[in-house]
Structures are given as structure tokens and as C-alpha cells.
Amino acid sequence: MSTQLDSWNDGAAKRAIIDYVTRVTTPGSPAFVPQADRIAVFDNDGTLWCEQPVIQLAHILGRWEEMAQQNPALRDQQPWKAAVEKDMKWFRTAITKHYGGDESDMPAIAKGVLSAFEGFTIEEFAKSVDAFFRTASHPSLKRLYRDCGYAPMVELLRFLEAHGFTNYIVSGGGRDFMRQIAGEIYGIPQERVVGTSTVLAFHAQGDGGDLLMQAKLDVFDDGAAKPARLWSRIGKRPLVAAGNSNGDIPMLQFANTPQRPALRLLVLHDDGAREFDYVSGAEKSLALAKQYGWTVVSMKQDWTTVFA
């Protein structure tokens, strides 16, 4: 993978990235930042890989169908009803409503998500995720989900690393779900993945023991939780922050200080030919990008390719 942003068209976004990185990594520059403080944080869904449908949701759908087969009473309850009926519109609407501030469908989704893998050991869950990524394909892109990472963004990760940055994922997606694939797709190790998590309980067994997943939310890593979580894990403000939705606004805001301006990137999904064309759930972030001069990355205009 190139470290020269070869998959990016020459334009304002590419120039903003190169100019900023040059300024903060050049010794003697007024904006120079020591390597130890060069932290870059990235949202995952819609920023590093596609989010229509949400890839983790595709994994959970299979589990919900299994649960409905085992307990037919679930077939009349959401979200199991939508899973059995393949009603993806219900899920898309619920997620769009969430990003617009309407949480009416989220309790049902949260209940389903939290109960889906209740009682699984962390190893059993990892095995389930690994099997999903080896076999499951995107319904319209016709490629394995593990091949749905954005090539230009992976290239950006390598570019930043080549200039002394340490990259982290800070996402509303499930921490333990993303950990299974982050290294393969992005070259980001498991310990640098921050995300939503469920409560884990330790059960001793003789001279050993297991961590079991509980049907209880630990942290929902979205919105205002993102800067709090990244600080608790990293202990530093990021220098570069990238997102694509309203849920990423606090993380992008947290990166910036008057003494040390940050590079904020917002991925715009405007390429219906190669990926998808939509702004739902990103209206507020796009307005703030215009107001404060964040760098908007147009899939259609800024990327020569979307997927590897």
C-alpha cells in the first residue's frame, strides 16, 4: 500500500492533508508536534468502511434469525421481526432517526444487540465474527464484507504512520467485533480499537476461567462518549480526527485547541456509482464543516478508487 496518497485526486482535500502533516512534522516549523503526540483517530462505519448496511448489523442479523428459530415468540418482536422478514428498511430508518436525534427505535435495537451473544465466551464471539468475515458478502457491492474498507483511507493510515502518527479507531461500532478484523483491513492492532462494549463477567473454572458476554451495555461509544473514551484510553488529544456523521462531531471538536489546531476530516458519501449517495445522519456535521472549515472529503471528487 502506497504512503503517498496515490488514490487521492489532486484537490483541496489532498492538499489540506499533505500541508497539515508537513507543518506538524517538520522540525523548526512553528506548528511542529513531537512524534509522541501525533495521534490520529478515525471513526469506522462510513469513515473507514461502508455503512450501508452497517456491517456489524449484518453479523447480528444472522444471530437474530437463529434466536427466532429457537424461540418463535421473538418473530413478532423488533428487531427479530425485521431480521426474519429481511426488512432492512426498518433498520435503515431506525439508524437515520438516531442520527437525527430520534431515539424511539433504539431501545428495541439495543435490547436485541445486547441479548444476541449473551453467555458467549470472548473466544466464541471472536470465532463467530471471524467466520462472518470469511464468508459473508455485501448484498449490492458483491464483495466480501472484509473487502469493503475504503482504499484511500487505508492509504491515509499508511501515510500518517510514515510521518510518525499512531492511528486509533474510535467508533460507535462494537469494540470486540472490530478488533477481529482491524489488523487485517487497516493494519491497526486490537489494543488501538476503542468502541461500544458490553459488560463482561469472569467465571472461574478450576485453574482457569472465561470472560462471558452479558446482556448489559458497558459503554455506547458515540457522540459525546467518543472524546471521553478516547481520552480514557489514550490520554492525549488527537491531532487528526476523521468521521462522517453527526455522531462524530464531539470527537472532531475535541481534537482542536486554539494553541494547536487539528486536522478534521469529514467523509462525504456522494458517489452513488461506486458506493452510495446520501447525507442523512450527517446534516449537522456538514453544516459545522462549512462553518469551521473542516476538510470535507468527497468520495466522488477526491478518490480515484473507493475499494481495493
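### Comments concerning the layout of surface pockets
Of the volumes computed, that of the second largest pocket is approximately 250 Å³. Taken together, 13 residues make up the lining of the second largest pocket; nearest its centre are A58, L61, M88, P139 and Y145. Element by element, the count of residues in the lining of the second largest pocket is highest for helix α2 (residues 55-70), at four residues. Split by residue class, the lining of the second largest pocket holds nine nonpolar, two polar and two charged.

### Remarks on the nonpolar core
If you look at the biggest cluster of nonpolar residues, it comprises 90 residues, and the most contacted ones within it are W64, M153, L156 and Y186. Setting aside anything within four residues of it in sequence, one finds M153 in contact with W8, F42, T47, L48, A242, V267 and W303.

### Some points on the packing of aromatic side chains
The tally for this structure, following the rule as stated, stands at 15 aromatic pairs. Judged by centre distance (6.3 Å) and plane angle (50°), the ring pair of W49 and Y186 falls under tilted. Of this pair, W49 sits in the loop between β1 (39-42) and α2 while Y186 sits in helix α8 (residues 175-186), and the two are 137 residues apart along the sequence. Owing to a relative accessible area of 1%, W49 belongs among the buried residues under this scheme. Centroid distance Y150 to F307: 5.9 Å. Interplanar angle 40°. Geometry classified as tilted. You can see Y150 sitting in the loop between α6 (122-135) and α7 (151-162) and its partner F307 sitting in the segment after α12 (299-302), a full 157 residues away along the chain. Take Y150 and F307: they sit in the same class, and that class is buried. Counting every residue linked through ring pairs, the aromatic cluster contains W49, F132, F133, Y145, F177 and Y186.

Cut-offs and rules
- Residues numbered from 1 in each chain as written.
- Predicted model: local features only at pLDDT ≥ 70, side-chain atom pairs only at ≥ 80, totals over all residues.
- Heavy atoms only, no water.
- 1 Å grid on protein atoms, 1.4 Å probe; cavity = no way out; pocket = protein on both sides within 12 Å on 5 of 7 lines; lining within 4 Å.
- Points joined across faces, edges and corners; volume = space filled by probe spheres on them.
- Helix = DSSP H or I, 4+ residues; strand = E, 2+ residues; numbered from the N terminus.
- Nonpolar A, V, L, I, M, F, W, Y, C, P; charged D, E, K, R; others polar.
- Core = buried A, V, L, I, M, F, W, Y, C linked by side-chain atoms within 4.5 Å.
- Buried < 20%, exposed > 50% of the residue type's maximum accessible area, 1.4 Å probe, protein only.
- Contact = heavy atoms within 4.5 Å.
- Phe/Tyr/Trp six-rings, centres within 6.5 Å; stacked < 30°, edge-to-face > 60°.

Scope: geometric values only; no functional claims are made or implied.
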